[in-house]
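So you can see what is in the structure, the chains are spelled out below.
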Amino acid sequence: MFIKDSLLDLLNELSGAQESIEKVSVWIQQYRDQAPVIAQAWKSFYIEATQEKKLTLLFLVNDVLQHSKRKGNQFVDAFGHILPKCMSECKNSEAKSQIERMLDIWETREIFHKHIISAMKYSLDDIGMDDSHVKLTDLMDSLDLLRSQEKNSSEVLTKLSHRLDTTDFANAFNVTSRKEGDKYAADFDETAHFLDQYCSCLLKQTEARSSMIKKINTTMFQMEKTDETIKKHDLDYKSQQGTLVRTRKAITARLMLIDEGKVNFGDESPDREEIENLTSEEEDVDIEGIETIERKKASDQVHLLLHET
């Protein structure tokens with residue numbers, strides 16, 4: 001809590017001056033063992049900041065990453081998890097070109113893995129899960145296209161290599177007849193055609209590979225976001241399941257009291273909070289096992305809790 005509160009105070013005072021950025025950066029780097037806490041606190045502040053402040057905050061992260069990486073990847077790992085999503089906050093920023101340049105520097109210096117850098121760029125360009133949904137069929141089509149381009153390149157290269165191996169171009173300068181010269185000229189033209197064709201195939205192959213990589217990176221980005229959503233839903237459903245289990249226990253116990261005549265039908269039924277409190281300390285008890293508890297002991301406990309004021 002101390003680190004988080006102190007960091008938020010420093011971020012409030014942070015300005016775009018290099019001296020200010022370095023001061024906060026040095027403070028952050030001394031707490032590398034708390035990198036995940038620092039990254040999350042930075043993120044919460046970043047989301048609420050103005051566009052101008054966001055750029056300063058990114059410059060701060062840049063300074064931290066550049067100077068701390070040589071001593072370990074704690075901050076690289078911590079910020080690598082949150083920066084792709086954070087970049088979408090700057091998609092309409094006037095400083096977008098500056099951020100793109102910073103990402104290029106990170107890529108050149110290998111601050112992050114390439115797929116993380118790609119995810120940041122896609123996020124900055126407003127390529128999200130909804131408008132860049134990549135289907136498996138799209139990936140398969142891209143793979144087929146890439147294989148086709150590679151096959152074409154290989155076929156043209158075979159023809160080009162055969163022409164180069166069977167033609168003595170060095171002897172072209174020693175021709176003694178028009179017929180011989182025309183033959184060399186035709187061979188030159190055909191070889192030039194194969195070279196041009198091969199270069200074209202390589203370009204198409206490169207474009208197909210880039211498209212494939214982009215779709216793979218986008219898919220990875222989508223999967224990470226989907227995974228986070230699934231985890232959140234899982235926690236929500238587990239919470240609801242816990243409430244249902246506690247409610248079921250309370251109802252079973254109350255029915256036991258009714259059977260024993262210890263609850264009048266005119267009694268006010270316990271509200272939801274009372275029901276949850278009723279069994280919050282016994283969540284490890286199996287629902288079916290409640291009926292095996294000694295009847296008198298369970299009856300006394302439930303009666304006390306239901307009428308506790």
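The structure reproduced in this document is the subject of the present report. (Residues numbered from 1 in each chain as written. Predicted model: local features only at pLDDT ≥ 70, side-chain atom pairs only at ≥ 80, totals over all residues. Heavy atoms only, no water.)

1. Section: the packing of helix α1 (residues 2–13) against helix α3 (residues 35–48)
Now for step 1: Relative orientation of the contacting elements α1 and α3 amounts to 40°, with a least axis distance of 10 Å. If you check the angle between α1 and α3, you find them oblique. α1 and α3 meet at a crossing whose hand is right-handed. For the pair formed by α1 and α3, the contact residues are I3, K4, L7, L8, L11 and N12 on the first element and I38, A41, W42 and F45 on the second. (Axes fitted to C-alpha atoms, helices over the stretch in contact; angles between N-to-C directions. Helix = DSSP H or I, 4+ residues; strand = E, 2+ residues; numbered from the N terminus. Parallel < 35°, antiparallel > 145°, perpendicular 65-115°, else oblique. Left-handed = near helix turned anticlockwise from the far one by under 90°. Contact = heavy atoms within 4.5 Å.)

2. Structural notes on the pattern of salt bridges
Now for step 1: The tally for this structure, following the rule as stated, stands at seven salt bridges.
Now for step 2: Between D182 and R178 there is a salt bridge, and its shortest N-O distance comes to 3.5 Å. Linking D182 with R178, this pair stays in helix α10 (residues 178–259), spanning four residues, or about one helical turn.
Now for step 3: A network of salt bridges, in which partner residues are shared, links R163, K183, D187 and E190. (Salt bridge = Lys/Arg side-chain N within 4 Å of Asp/Glu carboxyl O.)

3. Details of the state of the cysteines
Now for step 1: As enumerated under the stated definition, the model contains zero disulfides in all.
Now for step 2: There is no disulfide at C86, and the cysteine sulfur nearest it, in C90, is 8.6 Å away.
Now for step 3: By relative accessible area, C86 is classed as buried at 3%.
Now for step 4: Residue C201 stays outside any disulfide, its sulfur separated by 9.4 Å from that of C199, the closest cysteine.
Now for step 5: When its relative accessible area of 10% is taken as the criterion, C201 is described as buried. (Disulfide = S-S within 2.5 Å. Buried < 20%, exposed > 50% of the residue type's maximum accessible area, 1.4 Å probe, protein only.)

4. A few points about a nonpolar patch on the surface
Now for step 1: Taken together, the side chains of I251, L255 and I258 define a hydrophobic patch exposed on the protein surface, amounting to about 240 Å² of accessible area.
Now for step 2: Mapped onto the elements of the fold, I258 is located in helix α10. (Patch = residues over 30% accessible without salt bridge, like charges linked within 9 Å, V, L, I, M, F, W, Y side chains within 5 Å. Areas by Shrake-Rupley, 256 points an atom, 1.4 Å probe, with all protein chains shown as cover.)

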